[in-house]
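# Architecture at a glance
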Amino acid sequence: MTHKKFVVSGLFGVTVRGYALWSYFPLWIRVNGEKQRNPAFDQNSQHILNLKQPGSRYYAPSLKYCAQHLFLFLKNDIKVDQAEFLIIPSSQKGATSSALQSIVEAICKKDARFTHRPSSLTRTSTIEKLAKGGDRSLNIHLESLDYKPGGPSIKIILDDVTTSGNSLTGAMTIVTQYEQGAQFIPIVFGKTTHDF
């Protein structure tokens with residue numbers, strides 16, 4: 001499986017290697033100030049978008065597709081005895097992506113190395129969605145995330161897409177405040193690229 005590595009720099013001197021299963025090409029781009037469909041938008045980017053639309057007829061096939069690819073990546077490339085999934089929460093207070101939740105639950109059933117405590121990483125206040133012009137600076141994440149300590153010391157931080165990496169950095173920072181010995185493996189389905 002082809003995947004991309006990237007660096008996630010956290011506070012407290014924590015810097016780790018993150019993994020993106022694919023590049024994520026936004027559906028819409030601006031060229032000379034005009035909005036147009038991105039010619040680089042591909043099948044994997046579409047699957048990632050479908051995860052955000054539970055009512056769509058494409059949701060279940062994309063859920064299965066993404067879960068299979070993540071399972072194979074973990075099986076072949078992540079060598080750990082025990083690790084806990086932490087899902088980056090949605091922008092809404094108290095909400096988590098139902099797609100990511102379903103994927104993690106399925107993987108934990110298939111592979112005993114992995115565990116998940118629902119609501120271990122939570123959003124304590126709603127933040128504006130990035131697609132609607134919201135601020136996704138590191139401080140916004142630090143002020144709106146909370147963590148309940150526990151589980152194995154290796155944490156797989158999972159998100160659907162990363163652009164700046166700030167949500168991953170925020171999660172690592174919050175966890176480190178409670179568990180200084182925690183180790184992190186950030187994984188996303190797509191890392192945003194604006195090449196086209």
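Anything mentioned here points back to the structure above.
The following paragraphs examine the structure supplied in this document. (Residues numbered from 1 in each chain as written. Predicted model: local features only at pLDDT ≥ 70, side-chain atom pairs only at ≥ 80, totals over all residues. Heavy atoms only, no water.)

Okay, the pairing of strand β2 (residues 15-24) next. Of all 10 residues in β2, eight are buried; the element is thus mostly enclosed. Pairing geometry for strand β1 (residues 4-9) and β2, over six bridges, is antiparallel. Each residue of the ladder has a partner; that of K4, found in β2, is A20. Relative to strand β10 (residues 183-192), β2 runs parallel, the two being bridged by five bridges. In the strand pairing of β10, Y19 is matched with I187. (Buried < 20%, exposed > 50% of the residue type's maximum accessible area, 1.4 Å probe, protein only. Helix = DSSP H or I, 4+ residues; strand = E, 2+ residues; numbered from the N terminus. Pairing = 2+ DSSP bridges.)

Tracing the backbone shows T162 in strand β9 (residues 154-162). Here T162 falls in the buried class, since its relative accessible area comes to 3%. Apart from the residues within four sequence positions on either side, T162 is in contact with F6, L168, V188, G190, K191 and T192. (Contact = heavy atoms within 4.5 Å.)

Bringing the packing of aromatic side chains into the picture now. Under the defined criterion, the tally for this structure stands at five aromatic pairs. Consider the rings of Y19 and F73, whose centres lie 5.4 Å apart with planes at 55 degrees: the pair is tilted. Of this pair, Y19 sits in strand β2 while F73 sits in helix α2 (residues 59-77), and the two are 54 residues apart along the sequence. The rings of W22, Y65 and F189 are connected pair by pair, giving a single aromatic cluster. In this structure, K35 is placed above the aromatic ring of W28, and the distance from its NZ or CZ to the ring centre is 5.1 Å. (Phe/Tyr/Trp six-rings, centres within 6.5 Å; stacked < 30°, edge-to-face > 60°. Lys NZ or Arg CZ within 6 Å of the ring centre and 35° of its normal.)

A word on the nonpolar core. Membership of the largest hydrophobic core comes to 37 residues, with the highest contact counts inside it found for L70, L74, F85, I103, F114, I187 and F189. Secondary-structure elements contributing two or more residues to this core are β2, α1 (43-50), α2, β5 (83-87), α3 (98-110), β9 and β10. Those residues within four positions of F85 in sequence are excluded, and the remaining contacts are L74, V104, I107, C108, F114, T115, H116, I156 and L158. If you look at the next biggest cluster of nonpolar residues, it comprises 18 residues, including A20, Y147, I174 and V175. (Core = buried A, V, L, I, M, F, W, Y, C linked by side-chain atoms within 4.5 Å.)

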